[in-house]
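In case you want the letters, here they are:
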Amino acid sequence: MLRRPNPGRILRGPWPVLVALTLSGPSPAVADDGQPGGSIGQPASLAVEPGDAVLSGRRATAQLIATATDPDGSVRDLTRLVEWASLDPDVAVVDPRGRVVPVADGQARIVASGGSVEARTTVTVQQMGSPDPVSFRHDVMPALSQASCNTGACHGTPTGKGGFRLSLLGYLPDEDYRVLSREIAGRRVDPFDPDNSMILTKPLGLIAHEGGQRLFRDTKTFEFLRDWIAEGVKDDPESPRAVSLEIVPGDRILHAPAISQQVVARVSYADGSTRDVTPICYYGSSNTDIAEVDASGFVSFKKRGEVAVIAHYLDLVAVVRLTHLVEVPGFAEVDVPTDNLVDRAVFDKLNRMRIAPSEPCTDEEFIRRAYLDTIGVMPTPGETKAFLDDPSPTRYEEIVETLLERPEFNDFWALKFADVLRSNSRLIKSKGAYAFHRWIRSQIEQNAPIDGFVRQLLTAEGSTFDNPAANYYRISRTPEEAVETTAQLFLGVRIQCAKCHNHPFERWTQDDYYGFAAFFSRVKQKPGLLPDEEIIFAADSGDVRQPRTNAVMPPKALGGPVYGDDEREDSRKNRLAEWLTGEENDFFAKSTVNRIWYHVMGKGIVDPVDDFRDSNPASNDELLDDLAADFVSSGYDLRHLVRTILTSRTYRLSARTHDLNADDEIYFSHAVTKLLPAEVLLDAISSVADVPTAFNGLPAGSSAIEIPDGQMDHPFLKTFGRPARELACECERESDSNLSQALQLIGGSTVHDKLRADGGRMHRLAESGKPAAEVTADLYAVALSRPPTDAELEAAVAHIAGAGAEGRRQAIEDLGWVLINSKEFLFRH
């Protein structure tokens, strides 16, 4: 028998939980000699790169890569499978892993051979007789990072560890030199007895070290640290600056059985010299579940997929994209549509990754999904029936056009923008929150171009009441707050780390942070004439100083130009708005389309949606690039972008998976199942019960998606993750199911009171005299946008009929409770 509990009663039983999917594939192949990647086989050719390496000085090394090209054109890395030999060992020698070490000036021919193929390269050795002291700036500092000594988990924390503090990843070499050479009476480094220096004995594990063994004697890291001490612990502040870092080879696709790739890191200096720094870089993988990279730059794939391999040298970052593909039994390529840019990019990527898309969803699933994703409400039974009865092949496009013009579109997307713009009465007072929300909604209603919308925010001045866009600076009151909010919202960059130090994993430095903050240094606030009013204005002066150098920072766009005060007469923030929304800055268009894609599809192309960085690559670069270009061409038209996504075949894919895509969580081979947002869920429950929710300060009949103020307290909305709008981050809205939500739905007063309300849908159906089968069909139509299955109908009819006349209303309420608590109702699918 179906029966809902009384309020407050706790039931034990299943609760819908979203399960994270993990991309998987076959276990890595291992060759007979223990090296990953299989045998050499019969490649068509073999090449060695980088070609014609130059080794300057006795400390130089060169990592070589042996790349095989197979008859089908695919490439494999054979660096650890071929035999390496030097034909001139009196000039240079090479080890079994392809690392070349100099012996004397001259040229050495290096040969890589395996099976029937062979490749040669020439290595030039020079300056072996010249002094080659260890550079503190270019050898010791990166060596400490490579050994993880100055990371955030070790001595790179603000307070250090064990009384020993280094700057994070060496961004303050002057301070680190003083700490290493002068503190604790020189015991950290002892030039008279280098091997007893604490910075060697501790990480070598010779004496107690909380961080364990971090240093090994047969590495360049040990050599540089030990010899630097032996040479007198010297600094070299005038040494040429490192200006760029590159990884060899470039982006590469590896086909099974190949599962490994050696990479080479090369740095260029301001004096024009270049150098192989492979053994002293530190490396990372964007997804260690797919592939890992060791300290020597050797990448090993665990399963099929894509990763970004990141090399770090001082404050330089280089990235290479590696893809590992396997043959999937039963997979067959699908036709790639050409009439929609979304489908062209998605289906082409699925074919490359050997992932089969799901079947199309049913029309019942489509209309419910489209309504929820576009306007945040469920279709009525009449709207569903009209769509299902429409035989037109263009019915999908037609319903999308209808939804784009509905007033609920403006309410729903105003809610999304107000969340991250922090429309919150605690920050901007109640009148400000209402005014700000009305302005945001009016911009969407007018279909204002998004670039113009953002320019109005960034250049806003005057009264926060008369010009609600000015609330942007009432919320972000300092240059630091403004730079972090602006970067995250409109560039998709989380730059907060660079406030205190160079970003530990990305290219952004403190100079980038404070140069960007300089755009906001002259934005000021003052009280207005009315209560709670503020005036935003541009002051005539005001600068930002870099806290480490105390230098006054000129305005500098992130990854863009530096602006001088004498170049333009208009304000700094006008220049920022012009650059940020300009076509030369592709961060803006990409981050915007990615955010909209996330809201429609349930997951970002870059995910998290506001975390663009080299170590967090897009799952589909072509899709992101094409959407951004089309968005710009459309005039930054929000409705055009939503239309493009909703009318794609990709959007219509089912959430049901099969054996060939069940492990895909990033390539959009099937629809994402996600819990309805708090406001949408409350409105949906109200719709099923046909009992509206009353909200303080709003007219009767207002929906939850129309609430303008993030501080409006409602227990149901709070339980289901409605953000307080304290953060400029999509992450503030909770989307995972939890026990509190289960208790709200199972026994909470919100659901219970609506189901029992006199005059509500359950009451009217009970009084209608309709047969139990018709009552059941009505409730399924309004709650799930579909008729009940035979089994569902049989169970519901039996429950209602079995309750008799006296229990009929209670039984119908029970059925409503069951539908509201079903996964099919609670989740977008």
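Within an unreviewed UniProt entry, the label attached to the protein reads Bacterial Ig-like domain (Group 2), and the organism entered is Tautonia plasticadhaerens.

Below, the discussion takes up helix 24 (residues 772-784). For helix 24, which comprises 13 residues, the first-to-last C-alpha distance of 18 Å matches the rise-based estimate of 18 Å (1.5 Å per residue) to within 8%. Considered for burial, the residues of helix 24 that qualify are Ala-772, Val-775, Thr-776, Leu-779, Tyr-780, Ala-781, Val-782, Ala-783 and Leu-784. Just beyond helix 24, the residue with positive phi is Ser-785, at close to 60 degrees.

Moving on to the environment of Glu-794. Along the chain, Glu-794 falls in helix 25 (residues 790-803). In this structure Glu-794 comes out as exposed when scored by relative accessible area, which is 59%. A sequence separation of 22 residues divides Glu-794 from Ala-772, and the C-alpha atoms of the two residues are 9.8 Å apart.

Moving on: the sheet that holds strand 10 (residues 117-126). In sheet architecture, strand pairing relies on hydrogen bonds along the backbone and comes in two forms, parallel and antiparallel. Spatially, the four strands line up as an open sheet ordered 2-10-9-6, and their pairing is mixed. Whereas interior strands pair on both sides, the edge strands pair on one side only; in this sheet they are strand 2 (54-56) and strand 6 (83-86). Between one strand axis and the next, the sheet turns by 25 degrees as a mean value, whatever way the strands run. For strand 2 and strand 10, the ladder comprises three bridges, and the chain directions are parallel. Its bridge partner being in strand 10, Leu-55 is matched across the sheet by Val-125.

Further remarks concern the pairing of strand 10. Side chains of strand 10 alternate between two faces, with Val-117, Ala-119, Thr-121, Val-123 and Val-125 buried and Glu-118, Arg-120, Thr-122, Thr-124 and Gln-126 left unburied. Bridge analysis of strand 9 (residues 106-114) against strand 10 gives nine bridges, and the strand direction is antiparallel. By the bridge assignment, Ala-112 is partnered in strand 10 with Ala-119. Hairpin connection of strand 9 to strand 10: two residues between the antiparallel strands, including Gly-115 at a positive phi of 60 degrees.

Counting across every chain of the model gives 58 salt bridges. For the salt bridge of Glu-408 with Arg-406, the shortest nitrogen-to-oxygen distance reads 3.0 Å. The residue Arg-764 makes a salt bridge to Asp-690 at a minimum N-O spacing of 2.8 Å. Note that Arg-764 is positioned in helix 23 (residues 761-768) and Asp-690 in the loop between helix 19 (678-689) and helix 20 (715-719), a separation of 74 residues in sequence.

As enumerated under the stated definition, the model contains one disulfide in all. The disulfide that involves Cys-729 links it to Cys-731, with 2.2 Å between the sulfurs. As the torsion about the S-S bond is roughly 130 degrees, the Cys-729-Cys-731 disulfide counts as right-handed. Classification of Cys-729 by relative accessible area gives buried; the value is 8%.

A few words on the nonpolar core. By size, the foremost hydrophobic cluster in this structure holds 147 residues, and its most contacted members are Leu-421, Ile-440, Phe-490 and Phe-825. If one sorts the elements of this core by residue count, helix 9 (residues 407-421) sits on top with nine residues. Counting 51 residues, the second largest nonpolar core, distinct from the first, contains Ala-143, Leu-225, Ala-291 and Ala-311.

Closest axis-to-axis distance for the helix 23/helix 24 pair is 11 Å, and the angle between their directions is 160 degrees. As summarised for this structure, helix 23 and helix 24 are arranged roughly antiparallel, according to the angle between their axes. The two elements helix 23 and helix 24 cross, and the hand of that crossing is right-handed. On the side of helix 23, the interface is formed by Arg-761, Met-762 and Leu-765, while helix 24 contributes Val-775, Asp-778, Leu-779 and Val-782. Across the contact of helix 23 with helix 24, the residue classes tally to five nonpolar, no polar and two charged.

Under the local residue numbering, the UniProt record ascribes the feature "domain: BIG2" (unreviewed entry) to residues 42-124. The span residues 42-124 is 0% helix and 55% strand, and its two end C-alpha atoms sit 31 Å from each other.

Once that is clear, we can look at the pairing of strand 22 (residues 523-527). Alignment of strand 22 against strand 23 (residues 534-538), held across five bridges, turns out to be antiparallel. Among the inter-strand pairings, Pro-527 is bridged to a residue of strand 23, identified as Glu-534. In this antiparallel pair of consecutive strands, strand 22 and strand 23, the connection spans six residues, and Asp-532 shows a positive phi of 70 degrees.

This part takes up helix 6 (residues 363-374). Taking 1.5 Å of rise per residue, 12 residues should cover 16 Å, and helix 6 covers 16 Å from first to last C-alpha, within 8% of that figure. Burial analysis of helix 6 places 11 of its 12 residues in the buried class, which makes it a mostly covered element. Looking at helix 6, one finds that the buried residues are Asp-363, Glu-365, Phe-366, Ile-367, Arg-368, Arg-369, Ala-370, Tyr-371, Leu-372, Asp-373 and Thr-374. Once helix 6 ends, the next one or two residues include Gly-376, with phi positive near 75 degrees.

A few words now on the sheet that holds strand 15 (residues 274-276). An order of 11-14-15 is seen for the three strands of this open sheet, with the pairing classed as antiparallel. Sheet topology places strand 11 (242-248) and strand 15 at the edges, where each strand pairs with a single neighbour. On average, adjacent strands in this sheet sit at an angle of 25 degrees to one another, irrespective of strand direction. With three bridges joining them, strand 14 (residues 264-269) and strand 15 adopt antiparallel strand pairing. Within strand 15, the position partnered with Arg-266 by the bridge is Asp-276.

One pass over the structure, following the stated rule, counts 24 aromatic pairs. Pairing Tyr-513 with Tyr-514 gives two aromatic rings, centres 4.8 Å apart and planes at 65 degrees, and the pair type is edge-to-face. A single burial state applies to Tyr-513 and to Tyr-514, both of which are buried. Every member of this aromatic cluster is reached through a ring pair, and the members are Tyr-472, Tyr-473, Phe-490, Phe-516, Phe-519, Phe-520 and Tyr-563. Its guanidinium or amino end placed over the ring of Phe-298, Arg-80 lies 3.8 Å from that ring's centre, counting from NZ or CZ.

The next point concerns the domain arrangement of the protein. Parsing the protein into structural domains produces domain 1 (45-126), domain 2 (139-231), domain 3 (242-325), domain 4 (334-357 + 586-653), domain 5 (478-523 + 531-557 + 571-582) and domain 6 (675-828). Spacing between the C-alpha centres of domain 1 and domain 2 amounts to 32 Å. Opposite the four residues of domain 1 that make contact, domain 2 presents five residues. Summed over both partners, the interface of domain 1 with domain 2 comes to about 370 Å²; 34% of that surface belongs to carbon and sulfur atoms. Sorting the residues of domain 1 by area buried against domain 2 places Arg-59, Thr-61 and Arg-99 first, and these three jointly supply 96% of that buried surface.

With that settled, the discussion passes to the confidence of the model for the protein. Taken as a whole, the protein shows an average pLDDT of 89; of its residues, 94% reach a score of 70 or greater. Considering each helix and strand of the protein separately, the mean pLDDT is smallest for helix 2 (residues 173-182), with a value of 84, and largest for helix 18 (residues 638-646), with 98. Here residues 1-37 scores under 50 on pLDDT; set against residues more than four positions off or in separate chains, the count is 91 contacts.

Scoring rules and cut-offs
Residues numbered from 1 in each chain as written. Predicted model: local features only at pLDDT ≥ 70, side-chain atom pairs only at ≥ 80, totals over all residues. Heavy atoms only, no water. Helix = DSSP H or I, 4+ residues; strand = E, 2+ residues; numbered from the N terminus. Expected span 1.5 Å × (residues − 1). Buried < 20%, exposed > 50% of the residue type's maximum accessible area, 1.4 Å probe, protein only. Pairing = 2+ DSSP bridges. Axes fitted to C-alpha atoms, helices over the stretch in contact; angles between N-to-C directions. Salt bridge = Lys/Arg side-chain N within 4 Å of Asp/Glu carboxyl O. Disulfide = S-S within 2.5 Å. Core = buried A, V, L, I, M, F, W, Y, C linked by side-chain atoms within 4.5 Å. Parallel < 35°, antiparallel > 145°, perpendicular 65-115°, else oblique. Left-handed = near helix turned anticlockwise from the far one by under 90°. Contact = heavy atoms within 4.5 Å. Nonpolar A, V, L, I, M, F, W, Y, C, P; charged D, E, K, R; others polar. UniProt positions renumbered as here; feature names shortened; annotations may be inferred. Phe/Tyr/Trp six-rings, centres within 6.5 Å; stacked < 30°, edge-to-face > 60°. Lys NZ or Arg CZ within 6 Å of the ring centre and 35° of its normal. Domains from an automatic or database assignment. Buried area = accessible area lost by both parts, 1.4 Å probe. pLDDT = per-residue confidence, 0-100.

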